[in-house]
Amino acid sequence: MTDNPAATNDVAVSLRARINTSQPHTARIWNYWLGGKDNYEVDRAAGDQIRQLHPGIGEYARADRLFLGRAVRHLVEEAGIRQFLDVGTGLPTADNTHEVAQRIAPESRIVYVDNDPLVLAHARALLTSTPEGRTDYLDEDLRNVDAILEHASKTLDFSEPVALILLGVVIFIGEDDEAYGLVRTLMDRLPAGSHLVLSHTVTHPSMPDVDEAVKFWNEHGTPKLTQRTPEDVTRFFDGFQLLEPGVVSCSRWRPEHDNGAEPEEVAMFGGVARKD
């Protein structure tokens, strides 16, 4: 199911061989910023250094996670979606996609996809499910669209609408043509009524400290990431019906607690769109 280094008969040995604890990794730093425990000292040190360059960086992780919850709830309650393909899942935390969806519609089916060995090692936390629904996990890379869809079809019915979730994952595809092409290819393979949920870190003149943090990350961490402008992020939704309020800071996508003040903007932008 994966192009990752060959597995041995001992899965635990294979996973340990693939986990590099000497270099900070984005999934583990994200976990650290969210208050998780699935990270190493090298990740915490890098996370702290990035936070010194950009003190609000931890808010991006929280805003992105809350955006996921709001988007999934909307799709289940308002759009009637019962199937989710979550690519670039990241380490399990509170309110994973299946937990949000199945809390509302227990029959929901979710397939998670990631190629990080540490995520695979913790995948059992993503495989809990209501008796009525189902969850599955694929150890696979976003670039391997055919393999993802082939194995996901064992859990999901691709004749019915699916929500494709790509939170903070296309940032690791450096070439624009490849990044836009992958999203388009995946959506082309899904039926009408399917939805795209996507978030992406942005570069903007009003946020120069974000650029410095990303520069530090790309010099010291793995995998390398690519920033795009808000306009570039909006291009991922070309050809689809973009739901209100469009592509905005994740913190400002349909915030639940509206006290009259607009939530603080973060440099993680996202949107939700429907395929007609």
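Residues numbered from 1 in each chain as written. Predicted model: local features only at pLDDT ≥ 70, side-chain atom pairs only at ≥ 80, totals over all residues. Heavy atoms only, no water.

The name given to the protein in an unreviewed UniProt entry is SAM-dependent methyltransferase, with the source organism recorded as Streptomyces griseofuscus.

### Let's talk about the packing of helix H3 (residues 41-53) against helix H9 (residues 208-220)
Filter applied, for reference: Helix axes are fitted only over the stretch in contact, all axes being lines through C-alpha atoms; the angle between N-to-C directions runs from 0 to 180 degrees. The numbering of helices and of strands both runs from the N terminus, where a helix is a DSSP run of H or I of at least 4 residues and a strand a run of E of at least 2. For this classification, under 35 degrees means roughly parallel, over 145 means roughly antiparallel, 65 to 115 means roughly perpendicular, and everything else is oblique. What makes a crossing left-handed is the near helix being turned counterclockwise from the far one by less than a right angle; a clockwise turn instead makes it right-handed. Throughout, a contact is declared for two residues whenever any of their heavy atoms are within 4.5 Å. In this classification, the charged set is Asp, Glu, Lys and Arg, the nonpolar set is Ala, Val, Leu, Ile, Met, Phe, Trp, Tyr, Cys and Pro, and all remaining amino acids, among them Gly, are polar.
It is the contact of H3 with H9, at a shortest axis distance of 8 Å, that shows an interaxial angle of 155°. Taken together, H3 and H9 sit at an angle that is classed as roughly antiparallel. Handedness of the H3/H9 crossing: right-handed. When H3 is examined against H9, the residues Ala-46, Gln-49, Ile-50 and Leu-53 are found in contact with a partner set consisting of Asp-209, Glu-212, Ala-213, Phe-216 and Trp-217. Tallied by class, the residues present in the contact of H3 with H9 amount to six nonpolar, one polar and two charged.

### A word on the nonpolar core
In a soluble, globular protein the nonpolar side chains are often hidden away together inside. Defined as follows: We define the nonpolar core as a collection of buried residues of types Ala, Val, Leu, Ile, Met, Phe, Trp, Tyr and Cys that are connected through side-chain atoms lying within 4.5 Å of one another. Here the term buried applies to any residue with accessible area under 20% of the maximum for its type, exposed to any over 50%, and partly exposed to those in between, with areas from a 1.4 Å probe on protein chains only.
One finds Phe-84, Leu-85, Leu-142, Leu-164, Leu-166, Leu-196 and Leu-198 to be the most contacted residues of the largest nonpolar core, which totals 82 residues. Ranked by the residues each element gives to this core, the list is headed by helix H4 (residues 57-77), at 10 residues.

### Some words on the pattern of salt bridges
Applied cut-off: Each reported salt bridge corresponds to a side-chain nitrogen of Lys or Arg within 4 Å of a carboxyl oxygen of Asp or Glu.
Tallying each qualifying case throughout the model produces 12 salt bridges. Here Glu-41 makes a salt bridge to Arg-44, at a shortest N to O gap of 3.4 Å. Of the two residues, Glu-41 and Arg-44 both sit in helix H3, three residues apart, roughly one turn of that helix. Glu-41 sits in the exposed class, given a relative accessible area of 53%. For Arg-44, a relative accessible area of 27% corresponds to the partly exposed category. For Arg-189, the salt bridge is made with Asp-146, and the minimal N-O distance between the two is 3.0 Å. Here Arg-189, found in the loop between helix H8 (176-188) and strand S5 (195-201), pairs with Asp-146, found in helix H7 (residues 145-152); they are 43 residues apart in sequence, far enough to count as distant. Classification of Arg-189 as partly exposed rests on a relative accessible area of 42%.

### Overview of the packing of aromatic side chains
For the record, the criterion: Planes of paired rings set the category: under 30 degrees apart is stacked, over 60 is edge-to-face and the rest tilted, where pairs are Phe, Tyr or Trp rings (Trp by its six-membered ring) whose centres lie within 6.5 Å.
The final tally for this structure, using the stated rule, is two aromatic pairs. When the centroid spacing of 5.6 Å and the interplanar angle of 75° are considered together, the rings of Phe-67 and Trp-253 count as edge-to-face. Taken as a pair, Phe-67 in helix H4 and Trp-253 in the loop between strand S7 (248-249) and strand S8 (268-274) lie far apart in primary sequence, 186 residues in all. We note that Phe-67, like Trp-253, is buried. The interplanar angle of 40° and the centroid separation of 4.3 Å between the aromatic rings of Tyr-180 and Phe-236 together place this pair among those described as tilted. You can see Tyr-180 sitting in helix H8 and its partner Phe-236 sitting in the loop between helix H10 (230-235) and strand S6 (241-242), a full 56 residues away along the chain. Residues Tyr-180 and Phe-236 agree in their burial class; the two are buried.

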